[in-house]
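These are the residues of each chain, in order.
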Amino acid sequence: MTNHWRRYLPKRRLGGMALADGTQLSTVRSVEEAGAFTDILKGIEQPDDHVERAKHLRTMLLAQTPRAVLAQIQMDKHKHGYHNREKRLYELIDFNDMFVSLILATPHGELKGFAERLYADMDSFCRRLGTPMFTPEQFDAIIRGLSIEIAVYRAARYMGFGVHMTSRVEDAFGIDMIITEPDTKQTLNIDCKALPAFRHRLEDLVKHGRISEAQLLKADSDQYITTMQHQGNESVPVTLLCIGPDSVGDIHDFTLDHPEKLRDLLDKIFLAMR
């Protein structure tokens, strides 16, 4: 894979949000300081102004990057667990949640090339601190993973559905978002999956006796399936949604090329619920 994330490297000044004491990203000198800066920013209320809020989230994401990269390295090194695994995992989850918030706060017109510009800024910040940065392959994987749910969220809203993005930290059921049909107020707990992950999950459900082979084939044809997910004493229906070129079209710059295809799929699911 070409190192395409380094193509966009006009060195932009890393200013961003400044704290009351004058601290800003450009004054941070170590991973520890970046971590402390992140924690302070988390305690500050996000600005109401759209432009300022996006700037605030971008600063937080950049400040979180060194810790997230180190957590990723640890996770990759110890695939089968180690005593700090949960903390590292939480840091990556927190980083991903922040990434999603930033993309959703960014105007649609600015999304073209946004990931490349962000990578350049992250790279520049990590180099200045002398700490590792995500490899282009790692960053690609993050973007691919998050693009699906961001694109579905944006398309569903654009098509007039009510959409609420759940936080991965809070959610134990693997629900990415809750989509509401505006007329009937029916809701779907959605878990978005790319085609290979969707098929893998269906095979898992068959293997554990949760669905039959016939249900697998129907789900593969329908591009979705709803099953009950259990956590402790709680059970909720979760709809596994296949997000692929055949079901809803391609994704570019965190946006579905054909949002109306998602609307048709959601309409079909809501209709089947009645």
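Residues numbered from 1 in each chain as written. Predicted model: local features only at pLDDT ≥ 70, side-chain atom pairs only at ≥ 80, totals over all residues. Heavy atoms only, no water.

Here's the deal with the pairing of strand E5 (residues 234–243)
- In terms of burial, E5 is a largely internal element, seven of the ten residues being buried.
- Here five bridges tie strand E3 (residues 187–194) to E5, and the two strands are oriented parallel to one another. Looking at E5, one finds that Cys192 is bridged to Leu241.
- Pairing analysis gives eight bridges linking strand E4 (residues 224–231) to E5, with the strands arranged antiparallel. In the strand pairing of E5, Tyr224 is matched with Leu241. (Buried < 20%, exposed > 50% of the residue type's maximum accessible area, 1.4 Å probe, protein only. Helix = DSSP H or I, 4+ residues; strand = E, 2+ residues; numbered from the N terminus. Pairing = 2+ DSSP bridges.)

Notes on the environment of Asp257
- With respect to the secondary-structure elements, Asp257 resides in the loop between strand E7 (255–256) and helix H8 (259–273).
- Distance in space between the C-alpha atoms of Asp257 and Ala151 is 9.2 Å, their sequence separation being 106 residues.
- Sequence-distant contacts of Asp257, defined by excluding residues within four places in its chain, comprise Asp250, Ile251 and His252.
- Among the polar contacts made by the side chain of Asp257, one reaches the side chain of His252 at a distance of 3.0 Å. (Contact = heavy atoms within 4.5 Å. Polar contact = N/O pair within 3.5 Å; in protein donor to acceptor, adjacent residues only side chain to side chain.)

With respect to the sheet that holds strand E2 (residues 177–180)
- Ordered in space as E1-E2-E3-E5-E4, the five strands form an open sheet in which the pairing is mixed. Both outer strands of the open sheet, strand E1 (162–165) and E4, are each paired with one neighbouring strand and no more. Across the sheet, the mean angle separating the axes of adjacent strands is 35 degrees when strand polarity is ignored.
- Its contacts with the sheet place helix H6 (residues 195–207) against E3, E4 and E5, and it is angled at close to 110 degrees to E3. (Axes fitted to C-alpha atoms, helices over the stretch in contact; angles between N-to-C directions.)

Here we look at helix H7 (residues 213–222)
- Listed in full, the buried residues belonging to H7 are Leu216, Ala219 and Asp222. Seen along its axis, H7 keeps its buried residues to an arc of 135 degrees; they face one direction. Among the exposed residues of H7, those oriented more than 90 degrees off its buried face are Glu213, Ala214, Leu217, Lys218 and Ser221.
- On its buried face, H7 is in contact with H6, E4 and H8.
- Positive backbone phi, at 75 degrees, marks Gln223, one or two positions downstream of H7. (Arc of directions from axis to C-beta.)

Describing the pairing of E2
- The alternating pattern of E2 places Met177 and Ile179 on a buried face, while none of Ile178 and Thr180, on the opposite face, is buried.
- Summarising the sheet, E1 and E2 pair through four bridges and their orientation is antiparallel. From the neighbouring strand, Met165 faces E2, where its bridge partner is Met177.
- Pairing of E2 with E3 involves four bridges; the strand directions are antiparallel. By the bridge assignment for E3, Thr180 is matched with Thr187.

Here we look at the confidence of the model for the chain
- In the predicted model, the chain carries a mean pLDDT of 88, and the fraction of residues at 70 or more is 88%.
- In the model of the chain, helix H3 (residues 85–105) stands out as the element of lowest mean pLDDT, 89, in contrast to H7, which has the highest, 96.
- In the model, residues 5–13 has pLDDT below 50 throughout and makes 18 contacts with residues more than four positions away in sequence or in other chains. (pLDDT = per-residue confidence, 0-100.)

Some details on the packing of helix H1 (residues 31–42) against helix H2 (residues 50–77)
- Running from amino to carboxyl end, H1 crosses H2 at an angle of 140 degrees, the nearest separation of the two axes being 9 Å. On the basis of the axis angle, H1 is oblique to H2. Note on packing geometry: the crossing formed by H1 with H2 is left-handed. Facing H1, whose interface residues are Val31, Ala34, Gly35, Phe37, Thr38, Asp39, Leu41 and Lys42, H2 presents His56, Thr59, Met60, Ala63, Gln64, Pro66, Arg67 and Leu70.
- For the contact of H1 with H2, the residue count by class is eight nonpolar, five polar and three charged. (Parallel < 35°, antiparallel > 145°, perpendicular 65-115°, else oblique. Left-handed = near helix turned anticlockwise from the far one by under 90°. Nonpolar A, V, L, I, M, F, W, Y, C, P; charged D, E, K, R; others polar.)

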